[in-house]
Amino acid sequence: NFMITLDGLQEQLLALVVKKERPDLEEQKMELIEQQNGFKLKLKELEDELLYRLASSQGDILADVSLIEGLERAKVTSNDINAKAVVAQQTEAEIAQSRKVYVPVAARGALTYFLIDQMWCLDHMYRFSMTNMVASFCKGMDAADTVMTEAEKADNKRAAKGKSEVLEEGEKDELEVRVARLVNTACYECVAYVSQGLFERHKLIFICQLCFRILAHAGTLQPEFFDFLLRAPVETGSDNPLSEWMDDRSWATVQALKQFELYERLPDELVGSAKRFREWYELDRPEESPLPGDWKKLSAFQTLLIIRALRPDRMTEALTIFARDMMGQKYVTSKAFDLVKSFEDANSATPVFFILSPGVNPVRDTERLAKTYKVGIEHGNFGLVSLGQGQEPVAEKVVQAGYMGGSWAFLQNIHLTPKWTGSWLDKRCDDLSAAHPDFRLFLSAEPAKLPVNLLQVCVKLTNEPPEGLKPNLLKNLAPFTDDFFDASAKPGELKSIVFGLSLFHAVILERKKFGPQGWNRNYPFNTGDLSSCAQVAMNYLESNPKIPWDDLKYIFGEIMYGGHVTDFFDRILVSTYLDAYMKDDILEGADIYPGFPSPPNALSTKDIREVLEATMPQESPIAFGLHPNAEIGFRMKQAETIFLNIRELQPRSGGGPGGCRRSIRRKQRWTTWSRRCRRRRTCSRFWRSWRSGRLSSTSSSRRSNASASFRRRFSRRSRSWISASGATCRCRSGWSLSKLPWLRIVSRTHGQLRPTRRNEPSEPGSSTCWSGIVSFRTGPWTRPSPRSRGCRGCSTR
């Protein structure tokens, strides 16, 4: 992948597009290339023949008839070849002009791939091969032949704007629509292939970065505007005249924004039209409303800069709207986990890789999929191995049996055996071309430093809860079909209860984003809790003439979900939600929260999902029972994280340290420095333990254990060992040292740890001074600057 360039990949993809859309042009081009190569070979043969005759000629050259005739034939042949070459050049120009129409398709594919190839900067698991990307690109072009929906027609019409004029008016419109559809389907298929393996927190980053790169490729993205959007600098020094409703940081950002000619009037407009701007500023969702005055004429990207300055807490939603308007609704809609559809991309040479999340068990979904192919443990053609100590030979046997016989193999938790995964499994997955056609390999692991080749060859899948209350609710309802409800004697009541449970499950998952305002502690709620509660509700409806609300709430809140909850106030919160949802009002279509009534239980599951898609209001803290301002904190943090990650994906210039992340370079520098001295490496363990809380000031037993371990390790290489007690280190002789996490003790001569006796007299001007120590606030184990190299007890420098 590192050998390809943007232009080279674009040319290769263009050949694939033209081969599909205009096979005659591609065939003609191949014939032309072969013809030109034949001309070159023919000229080379004539040249070699003439040189041979001239070298072997005897006597007078002009008397050699065969040589003269050979020269005449070479001249005639050369003229003929030159004439054909001129025609070939004209034909090649015509073919290039015809192929030029499909360049946008290839350009979009090349841009998408080079963004995909940089996603590993966000997480090591994001490794994708060019082979799989090209396969998805071709699959997207094939999808362009299907019947378009109204939404796709709108997306294609949006993408068709601005194309060059190549053909007549009628043909041009038809061809532009076709090219726009190819761009849309091919790009979306690549995006969908990658998104199924991304964590939820990175999906919007991926889509927004794709939008920015498309604008930059088209030449409509101004670099200085883009840099301001990412960094939001401030310009201090001016008083805020709108302090009554605008915070000082927003005003400082506006002052920095006025450096651009387009926005130089913005501060004066804010003061002059303060009433109108305040109304817009105080809206719950200002990104959905036009800006006051003439500022509403700005483009979508230029509007982002004003929102970034005035309402940075709404940038996540503003970026979502920006990507939706530019690319289409389907690009920003999170798709539910669908193993059946993702399995279409897998084959005997392409394993399926599950990136594990808390509470996710992909084995059950895989076994359900295997039954449709008559594969299972009971049939003897499905091997399941959970990796751990001593399980490597068993896993090798299962994989080899499937490789030769065509069975399925599932290896769980391969991150627990890193040495075996990086050797045997990596080599096995690198060469699966000769495997049985029915062989399928499934892998699962938590995010870890796994081999790059192994990650690239696989189809990666994640199964995290989507972000947002509505996507979570729709995902929770998806497993429950009409057959499930028809199996109950009271299908209507069961539908209402399952809807309330699905909403309850979505709410308690989404409350995590509010931090301490949401939960006092984090709990691993999962879909297994929801399905178990639904089954319990069905059983209780069968055995009771009336709905036993109290029994259901107790089982749901104290056993099923309550089994995870350990905090007393969190248990009260769970009970309060169930009291609001599990009651007779939910059967009658009462409002769950303002503006959101429960759907009628007489509808089918498909109709219920359509009603929720159409009527469920926009998410707000009110849906969780919180104050509207409760989301400001996490929205600000979320926006800053998004822009930080987008900055990490920007191309680096120059030949400096390289790498995509500053944190990677910091870790490399720390690793290099910590290897220099065993004592420093030992002390760094103590420093990290103290910082991480393992040396707690309230836990005497843990503190003493860590102190003993620290003494044993340090005394091996040092004359004076140090004992750790809380945050203060004391040596054996009673000398007192400073707190290691902040203060570093440095010798005058060797730069090593030296003890200091508090009451020992000092000798000014001597090379050893014991009355004080040197302290400085920098990173771990860095040497002091000349100014800080001094003694507190005397003036020795």
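In what follows, the structure referred to is the one given above.
Analysis parameters
Residues numbered from 1 in each chain as written. Predicted model: local features only at pLDDT ≥ 70, side-chain atom pairs only at ≥ 80, totals over all residues. Heavy atoms only, no water. Helix = DSSP H or I, 4+ residues; strand = E, 2+ residues; numbered from the N terminus. Buried < 20%, exposed > 50% of the residue type's maximum accessible area, 1.4 Å probe, protein only. Contact = heavy atoms within 4.5 Å. Areas by Shrake-Rupley, 256 points an atom, 1.4 Å probe, with all protein chains shown as cover. Axes fitted to C-alpha atoms, helices over the stretch in contact; angles between N-to-C directions. Parallel < 35°, antiparallel > 145°, perpendicular 65-115°, else oblique. Pairing = 2+ DSSP bridges. Nonpolar A, V, L, I, M, F, W, Y, C, P; charged D, E, K, R; others polar. Expected span 1.5 Å × (residues − 1). Arc of directions from axis to C-beta. Salt bridge = Lys/Arg side-chain N within 4 Å of Asp/Glu carboxyl O. Core = buried A, V, L, I, M, F, W, Y, C linked by side-chain atoms within 4.5 Å. Patch = residues over 30% accessible without salt bridge, like charges linked within 9 Å, V, L, I, M, F, W, Y side chains within 5 Å. Right-handed = clockwise from strand over helix to strand, strands pointing away. Phe/Tyr/Trp six-rings, centres within 6.5 Å; stacked < 30°, edge-to-face > 60°. Lys NZ or Arg CZ within 6 Å of the ring centre and 35° of its normal.

### Focus on the overall build of the protein chain
Argument step 1. Of the regular secondary structure elements, the protein chain holds 31 helices and nine strands.
Argument step 2. Scored against the burial criterion, the 797 residues of the protein chain give a buried share of 47%.
Argument step 3. A separation of at least 24 residues holds for 70% of the contacts in the protein chain among residues at least 6 apart in sequence.
Argument step 4. For the protein chain, the computed accessible surface area is about 41,800 Å², with 51% contributed by carbon and sulfur atoms.

### Points about the environment of A309
Argument step 1. Take A309: it is sitting in helix α13 (residues 300-310).
Argument step 2. Take A309: its relative accessible area is 2%, and that puts it in the buried class.
Argument step 3. For the pair A309 and V234, spaced 75 residues apart in sequence, the C-alpha separation works out to 9.2 Å.
Argument step 4. For A309, the residues in contact, after removing those within four places along its chain, are S250, T253 and V254.

### Notes on the packing of α13 against helix α14 (residues 315-327)
Argument step 1. In the contact formed by α13 and α14, the axes pass within 10 Å of each other and the chain directions differ by 175 degrees. Judged on the interaxial angle alone, α14 and α13 are roughly antiparallel. Side by side, α13 and α14 meet where A300, F301, L304, I307 and R308 of the first sit next to M315, A318, L319 and F322 of the second.

### Here we look at the pairing of strand β5 (residues 459-462)
Argument step 1. Across the two faces of β5 the burial is the same, with V459 and L461 and K460 and T462 all buried.
Argument step 2. Here strand β1 (residues 352-355) runs beside β5; their pairing, made up of four bridges, is parallel. Paired with V352 across the two strands is V459, which belongs to β5.

### A few points about the packing of helix α9 (residues 223-231) against helix α28 (residues 632-648)
Argument step 1. At a closest axis distance of 8 Å, the pairing of α9 and α28 adopts a crossing angle of 135 degrees. One finds that α9 runs oblique with respect to α28. On α28, the residues that touch F226, L229, L230 and R231 of α9 are F643, I646 and R647.
Argument step 2. In terms of residue class, the contact of α9 with α28 is made up of five nonpolar, no polar and two charged.

### Looking at helix α1 (residues 6-21)
Argument step 1. The first and last C-alpha atoms of α1 sit 22 Å apart over 16 residues, in line with the 22 Å expected at 1.5 Å per residue.
Argument step 2. Three or more residues of α1 are buried, namely L9, Q10, L13, L14, V17, V18 and E21. Buried positions in α1, seen along its axis, are confined to an arc of 170 degrees and lie on one side of it.

### Re the environment of Q12
Argument step 1. As for its position among the elements, Q12 is in helix α1.
Argument step 2. The partly exposed category is assigned to Q12, whose relative accessible area is 44%.
Argument step 3. Considering only alpha carbons, one finds Q12 and A110, 98 residues apart in sequence, at a separation of 9.3 Å.

### Some remarks on the sheet that holds β5
Argument step 1. Taken together, the five strands give an open sheet; going across it, the order is β2-β3-β4-β1-β5, and neighbouring strands pair in parallel fashion. The strands lining the two open edges of the sheet, one partner per strand, are β2 (382-386) and β5. Each strand of the sheet is rotated relative to its neighbour by a mean of 15 degrees, with strand direction disregarded.

### Examining unusual backbone geometry
Argument step 1. Although it is not a glycine, A232 sits at a positive phi angle of roughly 50 degrees.
Argument step 2. When you line up the elements, A232 lands in the loop between α9 and α10 (248-257).
Argument step 3. Note on A232: relative accessible area 7%, which makes it buried.
Argument step 4. Backbone geometry at K374 places phi at a positive 55 degrees, although glycine is not the residue there.
Argument step 5. Inspection of the secondary structure puts K374 in the loop between α17 (362-372) and β2.
Argument step 6. A relative accessible area of 66% places K374 in the exposed class.

### Structural notes on the pattern of salt bridges
Argument step 1. Counted according to the given criterion, the structure contains 32 salt bridges.
Argument step 2. In this structure, a network of salt bridges that share partners links the residues R285, E287, E288, R314, E317, E631 and R635.

### Describing the nonpolar core
Argument step 1. F212, F301, F353, L411 and I414 are the most contacted members of the largest nonpolar core, which has 134 residues in total.
Argument step 2. Element by element, the count of residues in this core is highest for helix α7 (residues 169-195), at 11 residues.
Argument step 3. Ignoring any residue separated from it by four or fewer positions in sequence, one finds L411 in contact with V385, L387, A395, V399, W420, L425, L441, F442, L443 and S444.

### Points about a nonpolar patch on the surface
Argument step 1. A cluster of nonpolar residues, F568, F569 and I572, forms a patch on the protein surface that exposes about 350 Å² of accessible area.
Argument step 2. Within the secondary structure layout, F568 lies in helix α26 (residues 568-581).
Argument step 3. On the basis of relative accessible area, F568 is assigned to the exposed category, the value being 57%.

### Some details on the pairing of strand β4 (residues 440-445)
Argument step 1. Taken across its six residues, β4 has six buried, putting it largely inside the fold.
Argument step 2. What you see with β4 is no split at all: R440, F442 and S444 on one side and L441, L443 and A445 on the other are buried throughout.
Argument step 3. Examined bridge by bridge, β1 and β4 share four bridges and lie parallel to one another. In the strand pairing of β4, I355 is matched with A445.
Argument step 4. Looking at chain direction, strand β3 (residues 408-412) and β4 are connected through four bridges and run parallel. Bridging across to β4, W408 finds its partner in R440.
Argument step 5. For the crossover that starts at β3, traverses helix α19 (residues 418-430) and ends in the parallel β4, the hand is right-handed.

### Quick notes on the packing of aromatic side chains
Argument step 1. Applying the stated criterion across every chain yields a total of 37 aromatic pairs.
Argument step 2. Centre to centre, the rings of W420 and W424 are 5.5 Å apart; their planes meet at 10 degrees, and the pair counts as stacked. Placement of both W420 and W424 in helix α19 is noted, with a separation of four residues, approximately one turn of the helix.
Argument step 3. Each ring, one from F568 and one from F569, has its centre 5.4 Å from the other, and the planes form 75 degrees; the classification is edge-to-face.
Argument step 4. Pairwise contacts between aromatic rings join F337, F343, F354, Y373, W408, F410 and F442 into one cluster.
Argument step 5. One residue, K330, lies across the ring of Y188, its end atom 4.5 Å from the ring centre.
Argument step 6. Above the face of the F128 ring, K460 is positioned so that its terminal group lies 4.3 Å from the ring centre.

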